[in-house]
Amino acid sequence: VDAACQQHDVAYCNCETQLLSRQRGGGRRQETVDDGILVDDNDDGLREEKEIPLLSSMAALRFATKTALERTVHADAQYFDCVNKADRQLIATGIRIRGEQQRSGCSTDPNLAWFCDLDNARGTLAAFERVNLGIFLADLDADDGRPPGKLRPPLQFVKRWRVEEVADGRSADETLSQLEKRRAMDLQRNIRSGRAVADAASSEDVLSDEERILLKLVTEAEFN
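Summarised in this report is the structure supplied together with it. Please read these numbers as outputs of a predicted model, since none were measured by experiment.

## Focus on helix α7 (residues 176-192)
Count 3.6 residues to each turn of an α-helix, and residues three or four apart come out pointing the same way.
Phase 1: In this model α7 runs 24 Å from its N-terminal to its C-terminal C-alpha over 17 residues, within 8% of the 24 Å that 1.5 Å per residue would give.
Phase 2: Once α7 ends, the next one or two residues include glycine 194, with phi positive near 105°.

And the structure:
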């Protein structure tokens, strides 16, 4: 989990650096990132340091701040594509790890036992799902708001569940946030029926919900 977060931070930093390079005309200067500082090797061979604009916090809330990012720091489509890719990788990793831990009853890694702390509304799992997943899934759903004329991925991408969609009313067009909410409800329903966390997380409906989320993360990334 920590490694995935660190990789996400580096990816965001690289997205910012590339944006600044494009804004400066690209190619003329060699730019690198050193301890959070943008380092320019300018034409005179001198190293010039400049703080990177604080884009990360606003980018992580772009479902509400995208217009401001475009107007104030002139964030372009390449920048938004870059942070979108970073977010998809982070969220996919988090969802996979959560599923693996819960299906094992959180017995494989004591440091990740909090993934099974479903009853603690103020615990780490609640914060992870409400803040981390909630915000980034909202970002990705907002990113998916394509302009008119840009088609969604064809239904064949989710052909595996077409019969199920007719049977239970589920739609291939559900947002990531809706799919995550469905998983949480299905998991709680199984637990309320008396099943342990490991059994509940291994139930067919919860596994299906999780696979839908991961599939959407992958197919939407390929489509973008």
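Let's pick the thread back up.
## A short note on unusual backbone geometry
Phase 1: One non-glycine residue, histidine 74, lies in positive phi territory at about 55°.
Phase 2: Tracing the backbone through its elements, the reader meets histidine 74 in the loop between α3 (62-72) and α4 (77-103).
Phase 3: For histidine 74, a relative accessible area of 54% translates into the label exposed.
Phase 4: In this structure, cysteine 106 is a non-glycine residue whose phi angle is positive, near 55°.
Phase 5: Tracing the backbone through its elements, the reader meets cysteine 106 in the loop between α4 and α5 (124-143).
Phase 6: For cysteine 106, a relative accessible area of 10% corresponds to the buried category.

## What to know about the pattern of salt bridges
Phase 1: A full pass over the atoms with the stated rule returns 11 salt bridges.
Phase 2: The partner of arginine 189 in a salt bridge is aspartate 205, with the nearest N and O atoms 2.3 Å apart. Of the two residues, arginine 189 is situated in helix α7 and aspartate 205 in helix α9 (residues 204-223); the sequence distance between them amounts to 16 residues.
Phase 3: Since its relative accessible area comes to 15%, aspartate 205 is described here as buried.
Phase 4: Taken together, the salt bridges that share partners define one network made up of Arg62, Asp87, Asp139 and Asp143.

The rules behind these values
- Residues numbered from 1 in each chain as written.
- Predicted model: local features only at pLDDT ≥ 70, side-chain atom pairs only at ≥ 80, totals over all residues.
- Heavy atoms only, no water.
- Helix = DSSP H or I, 4+ residues; strand = E, 2+ residues; numbered from the N terminus.
- Expected span 1.5 Å × (residues − 1).
- Buried < 20%, exposed > 50% of the residue type's maximum accessible area, 1.4 Å probe, protein only.
- Salt bridge = Lys/Arg side-chain N within 4 Å of Asp/Glu carboxyl O.

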